[in-house]
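# Per-entry structural report
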Amino acid sequence: MYFTREQIAAVGWCFSTAEKLTERYFDLGRDAFRHNRYDVQTRFFLADHEVHDRAFAHLCRYEYHRPGEQDLSGDRNFFKICLQDERILHAVERSVCFIKFEPLVRYIATHELVHVIRFNRGEADFEASLEEKMIEEEKVHEITRTILKPHADREMNLVIDCF
């Protein structure tokens with residue numbers, strides 16, 4: 001099960017909104033995500049190792065360097081937010097009366113961007129132990145709620161309450 005064209009457009013809008021909110025929360029200034037590089041891909045474009053059956057999104061970290069650059073000390077990380085279409089669509093389908101697609105994706109987008117910022121700032125360790133990852137996950141959920149709550153309508157409040 002894959003997102004429709006309309007849902008993919010909504011994903012783009014949700015990430016754009018999430019960028020603005022997280023930039024504001026972390027006081028990053030405009031265009032902060034030029035330095036906190038990430039990409040978003042839906043299930044159709046994911047490699048097998050990027051598919052995760054227990055989450056709405058899976059964050060992968062990759063390294064890159066500029067083509068033709070001999071000195072590899074300029075290597076940098078970028079993150080790939082791997083959306084798990086089927087998991088998201090099933091959550092919406094199961095709770096059709098309560099959870100709507102766009103608020104859920106906005107929550108997921110904000111949550112994943114908080115991870116990206118915290119990893120890039122060194123506030124969290126991407127290679128942490130499972131126990132440390134569980135603690136970090138709860139911190140990120142709390143920050144996500146803090147970011148979204150002031151702008152939440154009824155539908156977003158339902159998502160915040162559920163996740």
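Residues numbered from 1 in each chain as written. Predicted model: local features only at pLDDT ≥ 70, side-chain atom pairs only at ≥ 80, totals over all residues. Heavy atoms only, no water.

Quick look at the overall build of the protein now. A tally of helices and strands in the protein yields five helices and three strands. Each helix and strand of the protein, ordered N terminal to C terminal, gives the series α-β-β-β-α-α-α-α. Counting only C-alpha atoms, the protein reaches 55 × 35 × 35 Å along its principal axes. Burial analysis of the protein (163 residues in total) assigns 42% to the buried set. A separation threshold of at least 6 residues defines the contact pool for the protein, and within that pool the share at least 24 residues apart is 69%. Averaged over its 23 positive side-chain charges, the protein has a centre that lies 4 Å from the centre of its 30 negative ones. (Helix = DSSP H or I, 4+ residues; strand = E, 2+ residues; numbered from the N terminus. Buried < 20%, exposed > 50% of the residue type's maximum accessible area, 1.4 Å probe, protein only. Contact = heavy atoms within 4.5 Å. Lys, Arg positive; Asp, Glu negative; His and termini not counted. Charge placed at Lys NZ, Arg CZ, Asp CG, Glu CD.)

To continue, consider the side chain of His 111. The topology assignment puts His 111 in helix H3 (residues 101-121). Judged by its relative accessible area of 4%, His 111 is buried.

Here we take up the layout of surface pockets. By volume, the largest pocket amounts to about 830 Å³. Around the largest pocket, the lining comprises 26 residues; the ones closest to its centre are Ala 55, Ala 57, His 111, His 115 and Glu 137. At the level of secondary structure, the elements contributing two or more residues to the lining of the largest pocket comprise strand E2 (57-64), H3 and helix H4 (130-148). Tallied by class, residues from the lining of the largest pocket come to 13 nonpolar, five polar and eight charged. (1 Å grid on protein atoms, 1.4 Å probe; cavity = no way out; pocket = protein on both sides within 12 Å on 5 of 7 lines; lining within 4 Å. Points joined across faces, edges and corners; volume = space filled by probe spheres on them. Nonpolar A, V, L, I, M, F, W, Y, C, P; charged D, E, K, R; others polar.)

Attention now goes to H4. Over its 19 residues, H4 runs 27 Å from end to end, which matches the ideal 27 Å to within 8%, given 1.5 Å per residue. For H4, the complete set of buried residues consists of Glu 136, Val 140, His 141, Ile 143, Thr 144, Arg 145, Ile 147 and Leu 148. As for H4, its buried residues are in contact with helix H1 (5-25), H3 and helix H5 (154-162). (Expected span 1.5 Å × (residues − 1).)

Residues with a pLDDT of 70 or more make up 96% of the protein, whose mean pLDDT is 93. Confidence scores differ between elements of the protein, with strand E3 (residues 76-83) showing the lowest mean pLDDT of 92 and H4 the highest of 98. (pLDDT = per-residue confidence, 0-100.)

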